[in-house]
Amino acid sequence: AGTPDPNIVPVPEWTRMLGAGVNNHPYGVPSKFEKDVVRREVEWLTASRESSVSFTPLYALDGVITPNGLCFVRHHGGEAEIEPDKYRFMIHGLVDKPLVFTLDDIKRMPGRMNRAYFLECAANSGMEWRGAQLNGCQFTHGMIHNVFYTGVPLRAFLDAAGVKPSGKWVLAEGADASVMTRSIPLHKALDDCLVAFAMNGEALRPEQGYPVRLVVPGWEGNMWVKWLRRIEVGDQPWAQREETSKYTDLLADGRSRRYTFIMDAKSVVTSPSPQAPLRHKGPNVLSGIAWSGRGTIKRVDVSLDGGRNWTTARIEGPAMPMAMTRFYLDFDWDGRELMVQSRAMDETGYVQPTKAELRKVRGENSIYHNNGIQTWLVRGNGETENVEVG
Ligand code: MTE
Ligand code: CO
């Protein structure tokens, strides 16, 4: 800033005239100066946009809630456009009484709940198995969002239909062209799954499954069926495409794991990061997010020297089970090169592994469930890159 600073001494332009009226935007939009904060795609990643993914701009967000318009989108057959009046949800299979619900029926069900949960695609960080690849946490970690859902426990619908004693699994099916179908153990369906119709206080966005999606807390995003059409109760898993050919984890010894549902503890520093370089020497606030599908985040440690020394970060704001948790480290930067890492610990005592530790078990040909520690190299000029330490 100059002396005198022209941005504080004279009365600014925007103070000398009236601003826009109250209903300038009947549905509010972000400041035009924030136009770079958008979901982005990785062009070469998928062959078509109907079966593709866009990534949450994590580097530009703070707090713990992901704004609805910035939640990453992943779908396999395009976005279904469902007329709410024609929407139906069916419970059938091994039940005493098959039932069909309208959207209004769902909104009239007793027991409605509000819960914040992260949704992470099992393929998040999947491009990083063979080494540092994508330059920005939007792309390395952006297949995650954290939303406050309003919905009805799935248990309420299952209880209403009456699950037969032989019922052990449920199949959730989507009404989109991909007919996304996943098997979920009955105990999870009865425990904390939600049939959700609102996100962050408003109706679900079309791309997030309007009018109804399944919420499967802490478990891989693929199971959170959007445009939810039916739940079938069965006595064993269905071995659908998305649980045999996809969403299995190849191990170093050539075998594959199936039905690896839970998303293990993970974290990433969102600032500094390649899209959010360091701009100032002196005081800085390092910021990041941590989450665990097994419960609450208890501690996050940060290293500025590639994992040699660790400092416990400040968890700030709510640390709720299976929800995104924000951490900060207030630090002084003297212009030295940094190797920034974060390491999450959850309430079970589980500690986020290094990439080397993960590869010992998983090899390099996996796609899913990569929760290894991320390293950002901050250069002397503040520019930041995705790297790995040996
Ligand atoms: N549900 C349906 N019906 N169709 C889909 O293609 N994609 C799944 C899951 N539910 C999918 C779906 C995958 S792989 C993920 S990661 C999440 O939805 C993504 O949810 P989001 O689009 O809200 O980010
Ligand atoms: Co996914």
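Position labels on residues start from 1 in each chain and follow its written sequence. By the order in which they are written, chains take letters starting at A while ligands take numbers starting at 1. Given that this is a predicted model, residues contribute local features only at a pLDDT of at least 70 and side-chain atom pairs are listed and counted only at 80 or more, while totals for whole chains, interfaces and linings are drawn from all residues. Heavy atoms throughout the structure, all of them, feed into the side-chain values; hydrogens and water do not.

A. Structural detail: the site of ligand 1. The near set for a molecule or strand comprises every residue that places at least one heavy atom within 4 Å of it. The full set close to ligand 1 counts 22 residues, and Phe-72, His-76, Asp-176, Arg-213 and Lys-226 are the nearest of them. Definition of a polar contact: a pair of N or O atoms within 3.5 Å, with one able to donate and the other able to accept a hydrogen when the atoms are protein atoms, and with sequence-neighbouring residues admitted only if both atoms are side-chain atoms. One of the backbone N or O atoms of Phe-72 is found 2.6 Å from an oxygen atom in ligand 1. Asp-176 is positioned such that a nitrogen or oxygen atom in its side chain is 2.8 Å from a nitrogen atom of ligand 1. Residue burial considers only the protein chains on display, and all accessible areas are found by Shrake-Rupley using a 1.4 Å probe. Surface burial for ligand 1 is 100%, taken as the share of its 530 Å² of free accessible area covered by protein chains. Per-element accounting of the shell around ligand 1 gives the leading share, three residues, to strand 2 (residues 73-75). Helical segments are the DSSP runs of H or I of at least four residues, strand segments are the runs of E of at least two, and each set is numbered from the N terminus.

B. A look at the domain arrangement of the protein. Boundary definitions for the domains trace back to an automatic or database domain assignment. Taken domain by domain, the protein consists of domain 1 (84-257) and domain 2 (266-387). The straight-line distance from the C-alpha centre of domain 1 to that of domain 2 is 28 Å. Residue-level contacts link 39 residues of domain 1 with 35 residues of domain 2. Across the interface of domain 1 and domain 2, roughly 3100 Å² is buried in total on both sides, 56% from carbon and sulfur atoms. Definition used for salt bridges: Asp or Glu carboxyl oxygen within 4 Å of a side-chain nitrogen of Lys or Arg. Counting across the domain 1 and domain 2 interface gives two salt bridges. Arg-362 is the salt-bridge partner of Asp-249, the closest N and O atoms lying 3.9 Å from each other. At the level of secondary structure, the elements contributing two or more residues to the side of domain 1 that touches domain 2 comprise strand 5 (113-120), helix 2 (137-141), strand 6 (144-153) and strand 13 (249-250). Here the side of domain 1 that touches domain 2 takes five residues from helix 2, the largest share from any one element. Its residues assigned to classes, the side of domain 1 that touches domain 2 comprises 17 nonpolar, 14 polar and eight charged. The criterion used for residue contact is that any of the two residues' heavy atoms lie within 4.5 Å. Buried area is calculated as the accessible area (1.4 Å probe) missing from two parts once they are joined, with the contributions of both summed. By the convention adopted, Pro, Cys, Tyr, Trp, Phe, Met, Ile, Leu, Val and Ala count as nonpolar, Lys, Arg, Asp and Glu as charged, and the other residues, Gly among them, as polar.

C. The nonpolar core, seen in detail. One finds Phe-89, Ile-91, Ile-106, Leu-154, Leu-214, Leu-228 and Ile-231 to be the most contacted residues of the largest nonpolar core, which totals 93 residues. Per element, the largest residue contribution to this core is six residues, and it comes from strand 9 (residues 194-199). If sequence neighbours within four positions are ignored, Phe-89 has contacts with Leu-99, Val-100, Phe-101, Ile-106, Leu-154, Phe-157, Val-195, Leu-228, Arg-229, Arg-230 and Ile-231. Put simply, a nonpolar core is a bunch of buried Ala, Val, Leu, Ile, Met, Phe, Trp, Tyr and Cys residues held in one set by side-chain atoms that sit within 4.5 Å of each other. Note on exposure labels: buried denotes an accessible area under 20% of the residue type's maximum, exposed denotes more than 50%, and partly exposed covers the range between, all computed with a 1.4 Å probe on protein chains only.

D. Broad picture of unusual backbone geometry. Following Tyr-210, the chain continues to Pro-211 via a peptide bond in cis, the omega torsion being 5 degrees. In this fold, Pro-211 is placed in the loop between strand 10 (202-203) and strand 11 (213-215). Ser-271 connects to Pro-272 through a cis peptide bond whose omega is 5 degrees. Mapped onto the elements, Pro-272 comes out in the loop between strand 15 (266-271) and strand 16 (282-291). The phi dihedral of Asn-200 is positive, around 45 degrees, even though this residue is not glycine. Checked against the element boundaries, Asn-200 lands in the loop between strand 9 and strand 10. In this model, Tyr-247 sits at a positive phi of 55 degrees, which is unusual for a non-glycine residue. Tracing the backbone through its elements, the reader meets Tyr-247 in the loop between strand 12 (228-234) and strand 13. Owing to a relative accessible area of 4%, Tyr-247 belongs among the buried residues under this scheme.

E. How the structure looks around the pattern of salt bridges. Considering all chains together, one arrives at 27 salt bridges under this definition. In this structure, the salt-bridge partner of Arg-155 is Asp-159, at a minimum N-O distance of 3.9 Å. Of this pair, Arg-155 and Asp-159 both sit in helix 3 (residues 154-161), four residues apart, which is roughly one turn of the helix. Asp-159 gets classed as partly exposed once you look at its relative accessible area, which sits at 48%. For Glu-243, the salt bridge identified is with Arg-182, shortest N-O distance 3.1 Å. Note that Glu-243 is positioned in the loop between strand 12 and strand 13 and Arg-182 in strand 8 (residues 181-185), a separation of 61 residues in sequence. An identical accessibility class is assigned to Glu-243 and Arg-182; each is buried. When salt bridges with common partners are traced through the structure, they connect Glu-173, Arg-229, Arg-230 and Glu-232 into a single cluster.

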